[in-house]
Amino acid sequence: MSNRFFFSTSTLWLALTASLLAQVPQLINYQGRVAVGGANFDGLGRFKFALLRAEDTAIRATASTQVAFGFIVNYSVTSGGSGYTVPPQVTITDSTGFGAVATANISGGAVVSITVNATGGGYSAAPVVSIAPPPPAFVYTTLWSNDGSGMNGSEPNNAVSLPVSKGLYSVLLGDNTLPYMNVIPYVVFTNNHVRLRVWFSDGVSGFQLLSPDQRIAAVGYAMMAGSVGDGTISNAKLVPGAALANLQASGQSGVASGGVILSQDPNSTSLASAGYTKLGQTEAGERWTTRSANSPPAARRHHTAVWTGTELIVWGGETNSMSSPVNTGGRYNPTLNTWTPTSTVNAPLARRFHTAVWTGSKMIIWGGEIGALLITNSGGLYDPANNTWQPLTMNNAPGAMPKHSAVWSGTEMIVWGVTSAVPAILVSAGGRYNPTTDTWTNVATNNGPALRLNHTAVWTGNEMIVWGGENPTSFLALTNSGGRYNPINNTWSATSQVNAPDARTRHTAVWTGTEMIIWGGEILSGATTLIVTRTGGRYNPLTGGWTATTTNGAPFRDSFGPGGGSDTRYRHAAVWTGTEMIVWTSDGSLRGGRYSPGTDTWGTATTVGEPSLRSDVSASVVSHKTLY
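Parameters at a glance
- Residues numbered from 1 in each chain as written.
- Predicted model: local features only at pLDDT ≥ 70, side-chain atom pairs only at ≥ 80, totals over all residues.
- Heavy atoms only, no water.
- Helix = DSSP H or I, 4+ residues; strand = E, 2+ residues; numbered from the N terminus.
- Buried < 20%, exposed > 50% of the residue type's maximum accessible area, 1.4 Å probe, protein only.
- Contact = heavy atoms within 4.5 Å.
- Areas by Shrake-Rupley, 256 points an atom, 1.4 Å probe, with all protein chains shown as cover.
- Phe/Tyr/Trp six-rings, centres within 6.5 Å; stacked < 30°, edge-to-face > 60°.
- Lys NZ or Arg CZ within 6 Å of the ring centre and 35° of its normal.
- Pairing = 2+ DSSP bridges.
- Axes fitted to C-alpha atoms, helices over the stretch in contact; angles between N-to-C directions.
- Salt bridge = Lys/Arg side-chain N within 4 Å of Asp/Glu carboxyl O.
- Core = buried A, V, L, I, M, F, W, Y, C linked by side-chain atoms within 4.5 Å.
- Polar contact = N/O pair within 3.5 Å; in protein donor to acceptor, adjacent residues only side chain to side chain.

> I'd like a description of the overall build of the protein, backed by residues and values.
When its secondary structure is counted, the protein shows three helices and 53 strands. Put simply, the protein has 628 residues, and 46% of those count as buried. Put simply, of all contacts in the protein between residues at least 6 apart along the chain, 59% involve residues at least 24 apart. Accessible surface computed for the protein: about 29700 Å², of which carbon and sulfur atoms make up 53%.

Rendered as structure tokens:
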């Protein structure tokens, strides 16, 4: 069962209306530079222009494998693709196998077979075969040309004369006051990926095609607004319920004329931009709301959860304390209050103690345990829009890392932890995965944090901060050290230990926008005893200083008695709402709290209607609503 936790005030907004005051001119301002013989051209240049749609007709080949006793003995080409000019690289990835080498054979631009060069060993039943894509093979369609004569990307017949000074020229494409310049129809921009092609002549030499074609950005597409006449949008042009669905998707709802609405955000930019004006404010209070029990994923722990902006995605883990890991999951939509299972087709191997990050369009799963003490460095990329999986390349991936950390930088997933350099010897390691190129880049280890696992990591906007954890080579060797990683320079710098919180493991960390807040977890009492704690600290990377979080009113107990499993507090969840850190678990009493760093104060989280007892919870924030 999933629950939604509300912590905010409600604000009254009143709807206003606005009107479109101007038409959009069908002109595109373009500037360029030309040179003749390496020198910037001066004088009257002759230009020809065309707007094109480019379609790549090349098709990537696919293949599968046949495995016998862990050896790859054959490959079957399931689709030969098209457009290949040289044999593409063949990559074989698997969670257990290694050493296989294969070569693709092409004929007529397609892959016709794959030769086994080395069988490798230890492969599972279904290794993934990746064949590199062919080079682009574009087919061009002319959508517009300056004189209307261009076809299929060809050069128009007539040129437009333009002054050029020191190589620079500018033109209003579509300006029919210029000879041989046609108006650009708005329907051109019903096509995606429109590009501008330009030909130039200095009046002495013939016309030369300027390269490359230039991509048309959003300004050209704004011309589409000119096709919408005043008062022409009617109910018939809207799918029934579309307006309500659009409002609900952005957390809003329809309002009758003269009515008011309540918002949990007192400074809602989405409502302000929609034409609402704020009338006043009233306290709504905090509460738990029971969410859908409609086919949720099986109960589990040691799983991951990410928030996509519209859905919560839960994946992996183990469904009971004695079970093997699973590769199932579910997507929860709070607007519709429904669950949708994630596909298991091509899903990563079942696992627990893995990590997950959200890229803005896809969820990346990496690492974890696929069996008892069996760690993997494989992963998968999940696309919720299509409910599909694809594997991550293992080329140059870091070694398998137990209980590591992962953050999303905006362009890459960065993982950090420990791995085996050789059997029984652990070293610090990390990697940066780029989902756009499906490539790994090594993270420098020089000056990096000492060996650790069960640590935390946050992304600040330009750095990854790793902190705390335990050294896997020494019994109960906890640390309060950390490191700051800059991916641009691929360098590390240490976090200060002056006034840092006690060394600990299995704690939580959140990023507020200016500070990292560390809280809870296990600390040492004596040399051989672990106790849980309700202490924490705030780290400011600008000053490099630490500030302790108050324990006055903090949730959870500092310690527990012999066998005190019901008082364990290190398996809590922590989220940042934009103003507060909320911590919660329910494996005993004193279940949750709200910490405000601005005032260094704790508030209690209501227990009215809260979920049943549980530990190892996951949590995500949905605009001041917390999903557990």
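> Any chance you could break down the packing of aromatic side chains for me, citing the residues and the numbers?
One pass over the full model with this rule turns up 17 aromatic pairs. Ring geometry for Trp315 versus Trp389: centroids 5.4 Å apart, planes at 55°, classification tilted. Residue Trp315 is found in strand 23 (residues 312-315), and its partner Trp389 is found in strand 31 (residues 388-391); the two are separated by 74 residues along the sequence. Arranged with centres 5.6 Å apart and planes meeting at 55°, the rings of Trp366 and Trp440 form a pair that is tilted. Of this pair, Trp366 sits in strand 27 (residues 363-366) while Trp440 sits in strand 35 (residues 439-442); the two residues are 74 residues apart in sequence, bridging distant segments of the chain. A relative accessible area of 0% places Trp366 in the buried class. On the basis of relative accessibility, which here comes to 6%, the residue Trp440 falls in the buried class. The ring of Phe353 carries Lys403 above its face, with NZ or CZ at 4.7 Å from the centroid.

> Please set out the sheet that holds strand 41 (residues 491-494) residue by residue, giving values where relevant.
With antiparallel pairing, four strands are arranged side by side in an open sheet as 36-37-40-41. The two strands at the open ends of the sheet, each matched to only one other strand, are strand 36 (456-459) and strand 41. Across this sheet, the average inter-strand angle for adjacent strands is 20°, counted without regard to direction. Examined bridge by bridge, strand 40 (residues 482-486) and strand 41 share four bridges and lie antiparallel to one another. Within the sheet, the bridge partner assigned to Asn486 lies in strand 41 and is Thr491.

> Please set out the pattern of salt bridges residue by residue, giving values where relevant.
The tally for this structure, following the rule as stated, stands at eleven salt bridges. Between Asp213 and Arg197 there is a salt bridge, and its shortest N-O distance comes to 2.9 Å. Note that Asp213 is positioned in the loop between strand 17 (208-209) and strand 18 (214-215) and Arg197 in strand 16 (residues 194-201), a separation of 16 residues in sequence. With respect to class, Asp213 is no different from Arg197; both count as buried. In this structure, Glu412 engages Arg432 in a salt bridge whose closest nitrogen and oxygen atoms are separated by 2.9 Å. Of this pair, Glu412 sits in the loop between strand 32 (405-408) and strand 33 (413-422) while Arg432 sits in strand 34 (residues 425-434); the two residues are 20 residues apart in sequence, bridging distant segments of the chain. Across the pair, exposure class does not vary: Glu412 and Arg432 are buried alike. Residues joined in a network through salt bridges with shared partners are Arg301, Glu318, Arg352 and Glu369.

> Give me the lowdown on unusual backbone geometry, citing residues and values where you can.
Ser211 connects to Pro212 through a cis peptide bond whose omega is 5°. Along the polypeptide, Pro212 turns up in the loop between strand 17 and strand 18. Positive phi, normally seen in glycine, also occurs at Tyr180, with a value near 65°. Inspection of the secondary structure puts Tyr180 in the loop between strand 15 (168-173) and strand 16. Relative accessible area serves as the criterion here: at 46%, Tyr180 is assigned to the partly exposed category. A positive phi angle is found at His302, which is not glycine, with a value near 55°. Among the secondary structure elements, His302 is positioned in the loop between strand 21 (287-290) and strand 22 (304-307).

> Residues and numbers for the sheet that holds strand 33, please.
Strand order across the open sheet formed by four strands is 32-33-34-35, with antiparallel pairing between neighbours. Each edge of the sheet is formed by a strand with only one pairing partner; in this case those strands are strand 32 and strand 35. Neighbour-to-neighbour, the strand axes of the sheet open up by a mean angle of 35°, direction not taken into account.

> Help me get a handle on the nonpolar core, residues and values and all.
Counting residues in hydrophobic clusters, the biggest one holds 23 residues, and the most contacted among them are Phe47, Phe49, Leu51 and Leu173. Examining the composition of this core, we find that four residues originate from one element, strand 16, more than from any other. If we skip the residues at most four places from it in the chain, Leu51 touches Thr141, Thr142, Leu143, Trp144, Ile184, Val188, Phe189, Val194, Arg195, Leu196 and Ile216.

> Break down the environment of His572 for me, with residues and values.
Relative to the helices and strands, His572 resides in the loop between strand 47 (545-548) and strand 48 (573-576). On the basis of relative accessibility, which here comes to 6%, the residue His572 falls in the buried class. A polar atom in the side chain of His572 sits 2.9 Å from the side chain of Thr508.

> Can you explain the environment of Thr308? Please cite residues and give values.
For Thr308, the position within the fold is in the loop between strand 22 and strand 23. Given a relative accessible area of 16%, Thr308 falls into the buried group. Distance in space between the C-alpha atoms of Thr308 and Pro384 is 9.1 Å, their sequence separation being 76 residues. Setting aside residues no more than four positions away along its own chain, Thr308 makes contact with Ile313 and Trp358. Only 3.1 Å separates the side chain of Thr308 from the backbone nitrogen of Thr310, close enough to count as a polar contact.

> Outline the environment of Val187, listing residues and values.
With respect to the helices, strands and loops of the structure, Val187 is situated in the loop between strand 15 and strand 16. For Val187 and Leu143, which are 44 residues apart along the polypeptide, the C-alpha to C-alpha distance reads 8.8 Å.

> Would you mind going over the pairing of strand 9 (residues 90-93) in detail, with residue names and values included?
Every second residue of strand 9 is oriented toward a common face, with Val90 and Ile92 on one face and Thr91 and Thr93 on the other, all of them buried. In this sheet, strand 12 (residues 128-131) lies alongside strand 9 in antiparallel orientation, the contact comprising four bridges. Bridge pairing in strand 12 links Thr91 to Ser130.

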